[in-house]
Amino acid sequence: MDKSTVKFHRWPYAALLASRGQYKPEWENCDLIQDRSKLGSHLCKAILRGDNRTAEHLLDFGAPIDHQEHPDGWTPLIYSIYYNNPDGRKLLLDRGASIFVADFSGRTVLMFAALANDPELTGKLLQLGMPPGVADSLGRTALDFAVSCRSTSCIELLKK
């Protein structure tokens, strides 16, 4: 096949956001990696801002739910915990976001939940099978993060 006849098709992610959920058949087979990455980046920003409606539309259009944003490797789920977006967190967990993805420093979702002093989420993550003894690149565990922010309820859950 002649290279001049090959047509590359991109996801028009700005148009996806503008359409607010209206399906366009010409976008069906557009799955270039850099465009999926841009959708993932937009998903992280929507969760960060608390714009859960846009986040839902981005997920509907194929944004990678476990996208890791540069330079720190945070996922949309980590952003929802750190920036206190419980509705966004629920959306991501309901859609199948992995609780086992760590950022580039090895910090887990459980560590961020302990740091955010959120005993409800900490307990839920432990029930879902998140191991409490995992350490980040500096050797800190979720219990260390809970102790650093004096979260007595999270400390009790993590000691069990």
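Residues numbered from 1 in each chain as written. Predicted model: local features only at pLDDT ≥ 70, side-chain atom pairs only at ≥ 80, totals over all residues. Heavy atoms only, no water.

Asker: Summarise the state of the cysteines; cite the residues concerned and give the values.
Answerer: Within this structure, the stated rule accounts for zero disulfides. Unpaired in terms of disulfides, Cys149 finds its nearest cysteine sulfur in Cys154, a separation of 6.6 Å. (Disulfide = S-S within 2.5 Å.)

Asker: A description of unusual backbone geometry should follow, citing residues and the corresponding values.
Answerer: Of the consecutive residues His70 and Pro71, the connecting peptide bond is found in the cis state with omega at 5°. Tracing the sequence through the fold places Pro71 in the loop between helix H3 (52-60) and helix H4 (76-82). Of note in this structure, Asn84 is not a glycine but carries a positive phi near 50°. Turning to its location among the elements, Asn84 is positioned in the loop between H4 and helix H5 (86-94). Looking at Asn84, the relative accessible area reads 60%, which means it is exposed. The backbone phi angle of Asn117 is positive, close to 55°, even though this residue is not glycine. (Helix = DSSP H or I, 4+ residues; strand = E, 2+ residues; numbered from the N terminus. Buried < 20%, exposed > 50% of the residue type's maximum accessible area, 1.4 Å probe, protein only.)

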